[in-house]
Amino acid sequence: MLNRAPLFLLYLNVLAVATCGLIYELIAGTLASYLLGDSVTQFSLVIGVYLSALGVGAWFSQYLHQGLARTFIEVELALALVGGLSAPLLFVSFAFVQWFQLVLFGTVFVIGTLVGLELPLLMRILKEHLDFSDLVSRVLTFDYIGALLASLLFPVLLVPYLGLMRTSLVFGVLNALVGLWGTYLLRPLLTKRGLAGLRGRAFLVVGLLVVGIIKADTLTTWTEEIILGKAVVHAKQTRFQRIVVTNNRQGFQLYLNGHLQFNSVDEYRYHEALVHPAMMAAGTPKRVLVLGGGDGLAVREILKHDGVESVTLVDIDPGMTEIATQLPLVRDLNEDSLMDEKVTVINTDAFVWVGQEHEPFDAVVIDFPDPGSYSVGKLYTTFFYRRLRQIITADAVVSIQCTSPLVAGQSYWCILRTMEEAGFNVRPYCTAVPTFGVWGFALASPQGDLVVPMQLGKLEQELSFLNDSMLANLFELPRDIQPIETEINQLNNQVLVRYYDEEWRGRE
Amino acid sequence: MAESEKLNRRQLLTVLLGSQFAHSVGCDMSKLPPVGELEHTSFDIGHLLRDGVKKAIRPDVHEDVGVTIVGGGIAGLAAAWRFKRAGFNDFVLAELERQPGGTARSGSRDGFKFPWGAHYIPVPMAENHALIELLSEMQVIQALTKGGQPQVSEEFLCREPEERVFSEGRWYEGLYPGHGASQEDLRQLAAFREEIDRWAEMRDASGRRMFAIPMATGSNDESVRKLDKLSMEQWLDERGWDSPRLRWLVDYSCRDDYGLSPDRVSAWAGVFYFAARIAGMGNESQEVITWPEGNGRVVDYLRGVGDDKIRTGLAVFRVKAGTNTESSQVAAFDTNTMKPIGFRSQQVVFAAPQMMAKYVIDGFSASGRDSTAFRYGSWLVANVHIKDRPEDSGFPMAWDNVIRESRSLGYVTATHQTGVDYGPTVLTWYYPFADVDAAITRKQMMNLKWADWADVVLSDLRRAHPDIDTLVTRVDVMCWGHAMIQPLPGFVWSPEREQASKPLGPIHFAGTDLSGVALLEEAFFHGVRAAEEILAVRGILDQPLVEIRND
Ligand SMILES: Cc1cc2nc3c(=O)[nH]c(=O)nc-3n(C[C@H](O)[C@H](O)[C@H](O)COP(=O)(O)OP(=O)(O)OC[C@H]3O[C@@H](n4cnc5c(N)ncnc54)[C@H](O)[C@@H]3O)c2cc1C
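Here the structure is a predicted model, which is why all the values come from computation and not from measurement.

Rules used in this analysis
Residues numbered from 1 in each chain as written. Chains lettered and ligands numbered in written order. Predicted model: local features only at pLDDT ≥ 70, side-chain atom pairs only at ≥ 80, totals over all residues. Heavy atoms only, no water. Domains from an automatic or database assignment. Buried area = accessible area lost by both parts, 1.4 Å probe. Salt bridge = Lys/Arg side-chain N within 4 Å of Asp/Glu carboxyl O. Polar contact = N/O pair within 3.5 Å; in protein donor to acceptor, adjacent residues only side chain to side chain. Helix = DSSP H or I, 4+ residues; strand = E, 2+ residues; numbered from the N terminus. Buried < 20%, exposed > 50% of the residue type's maximum accessible area, 1.4 Å probe, protein only. Contact = heavy atoms within 4.5 Å. Patch = residues over 30% accessible without salt bridge, like charges linked within 9 Å, V, L, I, M, F, W, Y side chains within 5 Å. Areas by Shrake-Rupley, 256 points an atom, 1.4 Å probe, with all protein chains shown as cover. Pairing = 2+ DSSP bridges. Axes fitted to C-alpha atoms, helices over the stretch in contact; angles between N-to-C directions. Near = heavy atom within 4 Å. Nonpolar A, V, L, I, M, F, W, Y, C, P; charged D, E, K, R; others polar. Expected span 1.5 Å × (residues − 1). Core = buried A, V, L, I, M, F, W, Y, C linked by side-chain atoms within 4.5 Å. Phe/Tyr/Trp six-rings, centres within 6.5 Å; stacked < 30°, edge-to-face > 60°. Parallel < 35°, antiparallel > 145°, perpendicular 65-115°, else oblique. Left-handed = near helix turned anticlockwise from the far one by under 90°.

Enquirer: Pulling in residues and values, what's your account of the domain arrangement of chain A?
Expert: All names here are of chain A. Under the domain assignment used here, chain A contains domain 1 (2-219), domain 2 (225-260) and domain 3 (264-504). Spacing between the C-alpha centres of domain 2 and domain 3 amounts to 23 Å. Among the residues of domain 2 in contact with domain 3, Phe240, Phe252 and Leu260 are the three that bury the most area, contributing 43% of the side total. Where domain 2 touches domain 3, the interface holds 1 salt bridge. A salt bridge links Lys236 to Glu322; the shortest N-O distance between them is 3.3 Å. The interface formed by domain 2 and domain 3 holds 5 residue pairs in polar contact (both at pLDDT 80 or more) in total. The set of elements that each furnish at least two residues to the side of domain 2 that touches domain 3 consists of strand E1 (231-237), strand E2 (242-247) and strand E3 (252-256).

Written out as structure tokens, the structure is:
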């Protein structure tokens, strides 16, 4: 009866099955090298595990005697599920599971075993209906053609256009369709009992994977992953920016519109340098203002100062402060600083907010993104700093991050000169943050004699980077970081955005 | 097409926006915003005034007041400001509309302020004493440099990014469409700039700038008057400047400032637009001062000053000059009470458009004056409320956003100057009826409804913002009939215009149209000048703010 089915359909089946198998293997290999680095090792290991699993599957097939057709379909569906979901699964587990390699090789092993079962089963199903030598040669031919197809499609079309996540899901669907189709093609070999259930399951798997394809907004995430070369743990497009949190062996990273904001590995250097000089110079500040800094890391440092009575954080993006208060990774890092009862979070444009009336602040920490666009550049203008002066005490101290003085000297000194123009007394300082390079800050105050702090006192025990000698050292400028003449950044010229664009273009 | 016939959608879009719309679906209005209103300037009352009927209405109530100001645009308000400044309070200002401000007025809704007409002023040069006084009083100018150049507070100077232009599917920085410009394009642009710089640098025999603002402080030398005989297009032709990009820049500028295309703009006005804003060789164009509500800010300030003297809803229909023994009479129709009212005064400031003078002022034509040379263009302005910013490709949203392929002038973003870069805002969209006078009659225009105009506005915006329909919450449209004086070739230096500023007995004239170009500075200058003339007659002029040229 089976003879009635056109033969090429069966071979097509083999082709599809073979292609899917190899694609899963390639996905696992590529993923492992993206996530863990060292592609030679990762690929060798994945191929090794995969091939041995193929053997295990083939060997295992001999113990199957009854209901071959049914088993074949079950295997297809299982493969569709495991293979199709392999990329999403591996991604998620990389972000959340300690023993990622176990999951990785486990998945590869399961896939290999199932693929290993496939061909022997199929051949045994067909052997009763076809001439054996013919069968072996044809099946193997199509198997190898499938492998060739997969290895060509994968780098040329699939990864660039679909990305790993979609590729995996799409081939899962293909695999499940083979299973579903099998329920019709092999109908004469299937018992009536449970047939409906089998078909139902096949439809379910197809449906599940299709939903996966539609739902997973993987394409953008994928581009980022490829660009960042790290696993994306969390990605969200807010009205203001795209926030992406990635993870690799060393730690995790937060990007805003593709620009690294911090790396958990060395952010403490940045934040200690940003916060403590201003806090020490301000004496015992009670009311502290943070502009930007929605990640809560600057606030974590501020809360180490006993005298602080209130911290007001103004960040435009509720999406950012939500991450800081909800994503466990970030919460661990900022020590739940934004949930502290002293802290008030305000989500609004700081440009507008500083123009309103507020009880004066004793210390201010400005942690805006770099001035890479006009809408951020306005936060670095004389106009902005003049407004800021209206809402701080006469002897308040302000600290500000101002990009890298080494890469972007004009930008750096332009920020300082602009603050001076707005009536601040300004002191430059910098430090090394390995993932950023040499980073620039400034201390500013409306008071005439701004004394650079020299002692951390008992705070020192709570810090990971600064000590007294390091603190003084921050303010010693090396020979390659010396003041240069620049224009002043105003709303109506926004020279800073131009400087920044020229200096950073092509450097990140 | 019969004159009164209503244009169908395709005709309307094609006439106003261009041939790309020739294939628009006849009646696809499904994408209209939920709400909006259409407003016309009070043309019906205007028409009433022109009718002979008015002569029959005689007010039986008269008020005696030293001076009556007719018209509360910038010019009339400036006269009031000048009177108050001199401590002279015996005057009244009669304005036709419910709101003073004329073509500089603004609106507000849902916490947004936006212009309905004029929206910026270039930073005045040291010579423009009167305007510097006003802007200093408003604390817009903080100080003067030693050379007398005003220093404007940062928040009032147009914030960067100032302009962008949409061309071939993308936004570019600036106004000149530099993307893809050829060597020849750039050469011509440089040559053009050099020529403008030359005019900006040059001085006449009396040491005056060739082009200055107000124009009365510039030269009236034959070399500049000569330019008025040509159109701007002819002037470009004479120099062999045919670069499409340069032509576009000039075309845009003419439509932007005068509501006319270059073939209908006097070359004097065309060069004036560029040269009067440049202090001299090598200088950039003066920066511009702007507010979310545009020049409505100036209106509101002046209104605050003149407050108790301003009477709105008064349609002045007759002005009769007095004699030595008899007072002048001003008769108005009070649209609040629907009754006529009269004023008897020693002097009158006529600060309504010149085109009204012959209908309103007794014996105007008999005195040998002719206001038919004063021609005015119409404008369409829409305030488009959006709930979020459109998605953009290329340069980000700026203050002035111009669509190169369009006959509209694009839009100004109302929240730009407030520094708010996200979320809801209002886009003020401008369309001058620059070259469509022949294709669309006034009557046809008047027949169009809000839905027709809203459709025009959105069809235009859709070219640059395909997602605009999902963002629009409201479109309000203002039809400005005969709102802007047209500097057609030959008009600016015509005897008719030069004579029009001179008083007619006790009637003194003000208004930007007296300069032949529509600018706040000109309107303000004439208002102050007219007030000072009267103060001088009354013997109470202290320190004049403007010089009156006697040549
Ligand atoms: C759409 C548009 C955009 C513009 N943009 C700019 C710009 O950006 N910058 C700039 O400098 N200029 C701009 N202008 C030019 C602007 O018109 C002038 O700057 C200036 O505001 C003109 O003032 P005015 O007082 O001379 O005349 P108008 O503004 O015309 O004022 C005349 C007043 O007289 C009143 N009136 C008329 N008849 C009577 C009557 N019979 N009785 C009583 N009152 C009467 C009118 O209601 C009106 O209020 C623009 C004009 C338009 C139309």
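Enquirer: Any chance you could break down the environment of B:Leu236 for me, citing the residues and the numbers?
Expert: Residue and element names in this part refer to chain B. Mapped onto the elements of the fold, Leu236 is located in helix H7 (residues 232-238). Judged by relative accessible area, Leu236 falls into the buried class, the value being 1%. The spacing of Leu236 and Glu155 is 81 residues in sequence and 37 Å in space, taken between C-alpha atoms. Excluding residues within four positions of it along the chain, Leu236 makes contact with Phe192, Trp241, Arg247 and Val250.

Enquirer: So, unusual backbone geometry: which residues are in play, and what are the values?
Expert: Residues and elements named next belong to chain B. With omega at -5°, the peptide bond leading from Glu160 into Pro161 counts as cis. Tracing the chain through its elements places Pro161 in the loop between strand E9 (150-152) and strand E10 (163-167). Pro214 follows Ile213 through a cis peptide bond whose omega is -5°. Along the chain, Pro214 turns up in the loop between helix H5 (183-201) and helix H6 (222-225).

Enquirer: So what's going on with a nonpolar patch on the surface? Residues and values would help.
Expert: Where nonpolar side chains cluster on the molecular surface, the patch consists of A:Trp59, A:Phe60 and A:Tyr63 and spans about 370 Å² of accessible area. Examined against the element boundaries, A:Trp59 turns out to sit in helix H2 (residues 39-61).

Enquirer: Tell me about the sheet that holds strand E17 (residues 347-350) of chain B, and please be specific about residues and values.
Expert: What links the strands of a sheet is backbone hydrogen bonding, and the strands pair in either a parallel or an antiparallel sense. Residues and elements named next belong to chain B. Strand order in the open sheet made by the 5 strands is E13-E4-E3-E17-E23, with parallel pairing throughout. One side of each edge strand has no neighbouring strand; the edge strands of this open sheet are strand E13 (310-312) and strand E23 (507-509). With strand direction ignored, the average angle separating the axes of adjacent strands in the sheet is 20°. Pairing of strand E3 (residues 67-70) with E17, which is carried by 4 bridges, proceeds in the parallel orientation. Paired with Val70 across the two strands is Phe350, which belongs to E17. Here helix H16 (residues 520-537) sits on the sheet in contact with E3, E17 and E23, set at roughly 150° to E23.

Enquirer: Account for the sheet that holds E3(A), with residues named and values stated.
Expert: Residue and element names in this part refer to chain A. Read across the open sheet, the 4 strands follow the order E1-E2-E3-E4; overall the sheet is antiparallel. Each having just a single partner strand, E1 and strand E4 (259-263) make up the two edges of the open sheet. Here the average twist between neighbouring strands, direction ignored, is 20°. Strand direction decides the pairing type here: E1 and E2, joined by 6 bridges, are antiparallel. Paired with Lys236 across the bridge in E2 is Ile243. Together, E1, E2 and E3 form the strand contacts of helix H11 (residues 318-326), whose direction differs from that of E1 by roughly 140°.

Enquirer: Which residues make up the site of the ligand, and what values go with them?
Expert: Residues and elements named next belong to chain B. Taken together, 36 residues are adjacent to the ligand, and Glu95, Thr103, His119, Thr512 and Leu520 come closest. Here an oxygen atom of the ligand sits 2.5 Å away from a polar atom, N or O, in the side chain of Thr103. Take Thr512: an N or O atom from its main chain is 2.8 Å from an oxygen atom of the ligand. Calculation on the ligand without its partners gives an accessible area of 970 Å², and the protein chains cover 93% of this total. Looking at the shell around the ligand, the elements with two or more residues in it are helix H3 (74-85), strand E4 (91-95), strand E14 (314-320), strand E18 (376-386), strand E22 (472-485) and H16. Partitioning the shell around the ligand into residue classes produces 23 nonpolar, 10 polar and 3 charged. Looking at which domains feed residues into the shell around the ligand, each of domain 1 (9-31 + 376-485) and domain 2 (45-104 + 294-368 + 488-537) gives three or more.

Enquirer: Which residues make up the environment of B:Gly423, and what values go with them?
Expert: Inspection of the secondary structure puts B:Gly423 in the loop between strand E20 (411-413) and strand E21 (425-432). Take B:Gly423: its relative accessible area is 2%, and that puts it in the buried class. The sequence separation of B:Gly423 and B:Ile386 amounts to 37 residues, and the corresponding C-alpha distance is 8.4 Å. If we skip the residues at most four places from it in the chain, B:Gly423 touches A:Arg239, B:Lys387, B:Asp388 and B:Arg389.

Enquirer: Please set out the domain arrangement of chain B residue by residue, giving values where relevant.
Expert: Residue and element names in this part refer to chain B. Domains assigned within chain B are domain 1 (9-31 + 376-485), domain 2 (45-104 + 294-368 + 488-537) and domain 3 (159-286). Taking only C-alpha atoms, the centre of domain 2 and the centre of domain 3 are 33 Å apart. In this complex, domain 2 contributes 15 residues to the contact, which on the side of domain 3 involves 21 residues. Carbon and sulfur atoms make up 69% of the surface buried where domain 2 meets domain 3, a total of about 1400 Å² over both sides. When the buried area of domain 2 at its contact with domain 3 is split by residue, Leu488, Pro489 and Trp493 rank highest and sum to 43% of it. The interface formed by domain 2 and domain 3 holds 1 salt bridge in total. Here Glu498 ties to Arg225 by a salt bridge, and the two come within 2.8 Å at their closest N and O atoms. For the interface between domain 2 and domain 3, the tally reads 6 residue pairs in polar contact (both at pLDDT 80 or more). Elements that contribute at least two residues to the side of domain 2 that touches domain 3 include exactly helix H15 (495-500) and H16. At 3 residues, the largest contribution of residues to the side of domain 2 that touches domain 3 is made by H16. A per-class count over the side of domain 2 that touches domain 3 returns 9 nonpolar, 2 polar and 4 charged.

Enquirer: Go over H5(B) with me, naming the residues and quoting the values.
Expert: Residue and element names in this part refer to chain B. In this model, H5 (19 residues) spans 27 Å end to end at C-alpha, consistent with the 27 Å of a helix rising 1.5 Å per residue. Residues of H5 that are buried include every one of Asp185, Gln188, Leu189, Phe192, Glu195, Ile196, Asp197, Trp199 and Ala200, and no others. Along its buried surface, H5 packs onto H6, H7, helix H8 (244-258) and helix H9 (267-275).

Enquirer: Explain the interface of chain A and chain B to me, using residue names and the numbers behind them.
Expert: At the junction of the two partners, chain A supplies 21 residues and chain B supplies 19 residues. Taken over both partners, the interface formed by chain A and chain B buries close to 1500 Å², and the fraction arising from carbon and sulfur atoms is 52%. Among the residues of chain A in contact with chain B, A:Arg239, A:Tyr374 and A:Asn492 are the three that bury the most area, contributing 40% of the side total. Residue B:Asp421 pairs with A:Lys378 through a salt bridge whose shortest N-O separation is 2.6 Å. The tally of links between chain A and chain B comes to 11 residue pairs in polar contact (both at pLDDT 80 or more). When contributions to the side of chain A that touches chain B are tallied by element, the ones reaching two or more residues are helix H13 (350-353), helix H14 (374-377) and helix H15 (382-390) of chain A. At 4 residues, H15(A) tops the list of elements feeding residues into the side of chain A that touches chain B. Looking at the side of chain A that touches chain B residue by residue, the class counts come to 7 nonpolar, 8 polar and 6 charged.

Enquirer: Go over the nonpolar core with me, naming the residues and quoting the values.
Expert: Grouped together as the largest cluster of nonpolar side chains are 92 residues, with contacts concentrated most on B:Phe192, B:Phe211, B:Trp235, B:Trp268, B:Phe272 and B:Phe350. When residues in this core are grouped by element, the largest group, 8 residues, is from H9(B). Discounting residues that sit within four places of it in the chain, B:Trp268 has contacts with B:Phe211, B:Met215, B:Val224, B:Leu227, B:Asp228, B:Val492, B:Trp493 and B:Val517. A:Ile27, A:Phe105, A:Leu135 and A:Ala231 belong to the second largest nonpolar core, which has 61 residues in total.

Enquirer: Requested: an account of helix H13 (residues 450-464) of chain B, with residues and values cited.
Expert: With 15 residues, H13(B) extends 22 Å from end C-alpha to end C-alpha; this agrees with the ideal 21 Å at 1.5 Å per step. Burial of H13(B) is extensive: 13 of the 15 residues sit out of reach of the surface.

Enquirer: Tell me about the packing of aromatic side chains, and please be specific about residues and values.
Expert: Two aromatic rings, taken as a pair, are described by how far apart their centres are and by the angle between their planes. Residue and element names in this part refer to chain A. Here the structure, examined in full by the defined rule, presents 45 aromatic pairs over all chains. Note on Tyr270 and Phe436: the rings are 5.7 Å apart at their centroids and 85° apart in plane angle, and the pair reads as edge-to-face. On the criterion of sequence distance, the pair formed by Tyr270 in helix H9 (residues 267-281) and Phe436 in the loop between strand E10 (425-433) and strand E11 (437-445) is long-range, its members being 166 residues apart. Among the residues examined, Tyr270 registers a relative accessible area of 5% and is labelled buried.

Enquirer: Pulling in residues and values, what's your account of the pairing of strand E11 (residues 170-173) of chain B?
Expert: Here E10(B) pairs with E11(B) via 4 bridges, running antiparallel. Opposite B:Arg164, over in E11(B), you have B:Glu173 as the bridge partner.

Enquirer: Report on the packing of helix H16 (residues 409-421) of chain A against helix H18 (residues 495-504) of chain A, specifying residues and quantitative values.
Expert: Residue and element names in this part refer to chain A. For the pair H16 and H18, interaxial distance at closest approach is 8 Å and the crossing angle is 155°. In terms of their interaxial angle, H16 and H18 are classed as roughly antiparallel. Both H16 and H18 take part in a crossing whose hand is left-handed. Residues Gly409, Gln410, Ser411, Cys414 and Ile415 of H16 form the contact with H18, whose participating residues are Val495, Leu496, Tyr499, Tyr500 and Glu503.

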